[in-house]
Amino acid sequence: NNNFNFCKSPIKYIEYTSMGAVSALTPYGPYKEVVSSGAALNLDEMTAEKLKEILENTHQLRELHEKARKYCQEFYSEERASEKLLQLISSIANA
């Protein structure tokens, strides 16, 4: 947990999810909520044995990817981005 982790963008997570990959992320900065929601693996808790177990379980991988896809759809979709932009514009206009 350091300044580097807090300046990251979630773009890699979004891109990897769109390609069908499951991510193992540090639970800091932009990834804190992703990891705590279960939409990504917690890199701080990852061991070689745990990684091997996950990679061998295709059902678990599919479930993790589906959680990630739904998370991205809810928080990073174009619709969500438009809502945030309109809120920002409104707050600036009302300031």
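It should be noted that the structure appears before, not after, this text.
Conventions used here
- Residues numbered from 1 in each chain as written.
- Predicted model: local features only at pLDDT ≥ 70, side-chain atom pairs only at ≥ 80, totals over all residues.
- Heavy atoms only, no water.
- Core = buried A, V, L, I, M, F, W, Y, C linked by side-chain atoms within 4.5 Å.
- Buried < 20%, exposed > 50% of the residue type's maximum accessible area, 1.4 Å probe, protein only.
- Helix = DSSP H or I, 4+ residues; strand = E, 2+ residues; numbered from the N terminus.
- Contact = heavy atoms within 4.5 Å.
- Axes fitted to C-alpha atoms, helices over the stretch in contact; angles between N-to-C directions.
- Parallel < 35°, antiparallel > 145°, perpendicular 65-115°, else oblique.
- Nonpolar A, V, L, I, M, F, W, Y, C, P; charged D, E, K, R; others polar.

J.: Before we move on, can you summarise the nonpolar core with the specific residues and values?
T.: Grouped together as the largest cluster of nonpolar side chains are 10 residues: Tyr13, Leu25, Tyr31, Val34, Val35, Ala39, Ala40, Ala68, Tyr71 and Cys72. When contributions to this core are tallied by element, the ones reaching two or more residues are helix 3 (32–37) and helix 5 (58–76). The element contributing the most residues to this core is helix 5, with 3 residues. With residues near it in sequence (within four places) discarded, Leu25 still touches Tyr13, Tyr31, Val34, Val35, Ala40, Leu41, Asn42 and Leu43.

J.: Give me the packing of helix 5 against helix 6 (residues 78–93): which residues, what numbers.
T.: Running from amino to carboxyl end, helix 5 crosses helix 6 at an angle of 25°, the nearest separation of the two axes being 5 Å. Classified by the interaxial angle, the pair formed by helix 5 and helix 6 is roughly parallel. Across the interface between the two elements, Glu74, Phe75 and Tyr76 of helix 5 pack against Glu78, Arg80 and Lys84 of helix 6. Tallied by class, the residues present in the contact of helix 5 with helix 6 amount to 2 nonpolar, no polar and 4 charged.

J.: With reference to specific residues and values, describe the side chain of His65.
T.: On the secondary structure map, His65 appears in helix 5. A relative accessible area of 19% means that His65 is categorised as buried. Beyond its immediate stretch of four places on either side in the chain, His65 contacts Thr17, Gly20, Ala21 and Val22.

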